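# Descriptive structure summary
Residues per chain, in single letters:
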Amino acid sequence: MSLLGLDIGITGCKAVAFSPEGDMLAQAYREYRLYQPQPGWMELDPAEVWASVTDVIRQVTAGIPGDPVQALSISTHGESVVPVDAQGQPIYDFITAIDTRAGEQARWWDEQLGKERIFHITGMPLHPMYTVNKLMWLRQNDLTIYTAAFRFLCMQDFFFHQLGLPPTMDRTLATRTMAFDVSRLDWSEEILELAQLDVGRMSRVLPSGSVIGEIPPSVVKELGLAPGAVAVTGGHDQPSGALGCGAIAEGIAMDSTGTVECVAVASPRLVLAAELMESNLPIAPHTAPGMYLVLGYSSTGGALLRWYRDNFARAERQEAEEADRDVYDLILQQATPGPSPVLILPHFVGSGTPWMDANSKGAILGLDLSTSKGQIIKAILDSVSYEVKLSVDAMEAAGIAVRELRAFGGGAKSPLWLQTKADIFGKPVLAMDVTEAPCLGVAILAGVATGVFSSVEEGVAQMVRVERTYEPDMALHERYMERARVFAQVYPTLAELNHQL
């Protein structure tokens, strides 16, 4: 038998089948189109998403005829929402997480309730991206669609609905709506009343790892699942990834380096501290029972290295193609050792935490005629890590312990980048042997829900493996901290000027 983990992102979806021992048996990925009907609007076609999801499931199940999938669970990005009619049919496209149309609604919340009250109810720093703002926008700008909607579905509950099961989301995803009470672990009556949203139009919420039910036989046959296969609640992508790399105990952090660099730290306590709110760091239930997760990120993580590759690494790209090598290996081998004298403000698509400034711009500082390519390459690695460390520092100031980081994603393939992170953070960085940690995390949940494992801890012990540990060089750490103190002044100094560009 096997366990299937799905990960539905904003631009594509992936399915991975795992054995109970944590071995990847088969995987498939498919992209779908992101539509931009107006500036700032970013939408997904529900039919295209569902076609891609069913396609990757079928590809995986076809590749493991001897290991039928007995249970599946799902990791999804947050905030995105689609209205469906009484027959369950979508009547609008998904308004996605990165859609920016709801700025007016976020400002309304600040005036009506205030960011402090919102944070203490929901654990979320006030921001336009959350689902409740998108629904308020829809009511104010397309009342016909809003009125016709029988229910509003986020990506996880949409998936279960499409499987023929009751639309259900887990707590980690519900928090991303900004309408969920993080202390009571239920929909917030206060938020929904002010938003004029009927709780009956929202999906039911269950803990991560809850069995929703058996998938209907017709769907089982269509997708190639085992008879009697069950669906299990999963999680928001970051808590799912944290589970998939074993970041389920106090002080253990997930470090995900893809397009975005994200750090999420496990905590046994719900800490609604001012330091988190002021640094725009959300705290929400973890996919691991009884735990919470604090989240920080840089919007331009690995994307910054890709920008360099596309614009300044033509020779390396040609050499990589001719020699059948990874172009990033060729780029990074040119990086100078130690802290770079160059600093980069990595706000090439605006900033993540702690600033959350969508209008910030990138900058390169410290250039002179002796500046080399290697210094700029190293500055990319250094500066993204400096940016994320600002969020980690705020977590620690709020009493959230951070002892070690567990790394996965494209950036985790680079020993140089992982050693740089260890030296900058002054903490061990562990490289995980599975890059698809969100899929592995929800597969563990599927295993616990169906009795394959007695607990999440047993599932992690059985399925999660560390490939290598990078210990910090504390002498280098002190040198990096001198540069980090300068880096911390860059955004506040440039913010006003950047907003004029």
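Conventions we followed
Residues numbered from 1 in each chain as written. Predicted model: local features only at pLDDT ≥ 70, side-chain atom pairs only at ≥ 80, totals over all residues. Heavy atoms only, no water. Helix = DSSP H or I, 4+ residues; strand = E, 2+ residues; numbered from the N terminus. Rg over C-alpha atoms; globule rule 2.2 N^0.38 Å. Buried < 20%, exposed > 50% of the residue type's maximum accessible area, 1.4 Å probe, protein only. Areas by Shrake-Rupley, 256 points an atom, 1.4 Å probe, with all protein chains shown as cover. Lys, Arg positive; Asp, Glu negative; His and termini not counted. Charge placed at Lys NZ, Arg CZ, Asp CG, Glu CD. Pairing = 2+ DSSP bridges. Axes fitted to C-alpha atoms, helices over the stretch in contact; angles between N-to-C directions. Salt bridge = Lys/Arg side-chain N within 4 Å of Asp/Glu carboxyl O. Phe/Tyr/Trp six-rings, centres within 6.5 Å; stacked < 30°, edge-to-face > 60°. Lys NZ or Arg CZ within 6 Å of the ring centre and 35° of its normal. Parallel < 35°, antiparallel > 145°, perpendicular 65-115°, else oblique. Contact = heavy atoms within 4.5 Å.

### With respect to the overall build of the protein chain
Summing up its helical and strand segments, the protein chain has 20 helices and 23 strands in all. Against the compact-globule benchmark of 23 Å for 501 residues, the protein chain has a radius of gyration of 22 Å, which places it among compact chains. Expressed as lengths along the three principal axes of its C-alpha atoms, the size of the protein chain is roughly 65 × 55 × 40 Å. Each of the 501 residues in the protein chain was classed as buried or not, and the buried ones make up 60%. Total accessible area on the protein chain is roughly 19200 Å²; 49% of this is exposed by carbon and sulfur atoms. In the protein chain, which carries 37 positive and 60 negative side-chain charges, the distance between the mean positions of the two groups comes to 2 Å.

### Topic: unusual backbone geometry
Look at the link from Thr-353 to Pro-354: it is a cis peptide, with omega at 5°. Structurally, the position occupied by Pro-354 is in the loop between strand S19 (343–345) and strand S20 (363–365). Look at Met-356: it is not a glycine, yet its phi comes out positive at around 50°. Within the secondary structure, Met-356 sits in the loop between S19 and S20.

### Section: the sheet that holds strand S15 (residues 252–257)
Pairing is mixed in the open sheet, where seven strands are placed in the order S17-S18-S16-S15-S21-S22-S23. One side of each edge strand has no neighbouring strand; the edge strands of this open sheet are strand S17 (283–285) and strand S23 (466–470). Across the sheet, the mean angle separating the axes of adjacent strands is 25° when strand polarity is ignored. Of the strand pairs in this sheet, strand S16 (residues 261–267) and strand S18 (residues 292–298) are connected by seven bridges, and their pairing is antiparallel.

### Quick notes on the pattern of salt bridges
Per the counting criterion, the structure on display carries 20 salt bridges. Here Lys-14 ties to Glu-436 by a salt bridge, and the two come within 2.9 Å at their closest N and O atoms. With Lys-14 in strand S2 (residues 12–18) and Glu-436 in the loop between strand S22 (429–432) and helix H17 (437–449), this pair connects stretches of sequence that are 422 residues apart. Across this residue pair, the class does not change: Lys-14 and Glu-436 are buried. The residue Arg-269 makes a salt bridge to Glu-250 at a minimum N-O spacing of 3.4 Å. Of this pair, Arg-269 sits in the loop between S16 and helix H11 (274–278) while Glu-250 sits in the loop between helix H10 (237–244) and S15, and the two are 19 residues apart along the sequence. Among the charged side chains, a network of salt bridges with common partners joins Asp-23, Asp-433 and Arg-465.

### Digging into the packing of aromatic side chains
Within the structure shown, the criterion is met by twelve aromatic pairs. Each ring, one from Tyr-386 and one from Phe-487, has its centre 5.7 Å from the other, and the planes form 45°; the classification is tilted. With Tyr-386 in helix H15 (residues 373–397) and Phe-487 in helix H19 (residues 474–487), this pair connects stretches of sequence that are 101 residues apart. In this structure an aromatic cluster arises from ring pairing among Trp-307, Tyr-308, Phe-312 and Phe-348. The ring of Trp-41 carries Arg-101 above its face, with NZ or CZ at 3.8 Å from the centroid.

### Examining the packing of helix H16 (residues 415–425) against H19
H19 packs onto H16 with a crossing angle of 80° between their chain directions and a minimal axis gap of 7 Å. The pairing of H16 with H19 is recorded here as roughly perpendicular in orientation. In this structure, H16 uses Thr-420, Asp-423, Ile-424 and Phe-425 to contact H19, whose residues at the interface are Leu-476, His-477, Tyr-480 and Met-481.

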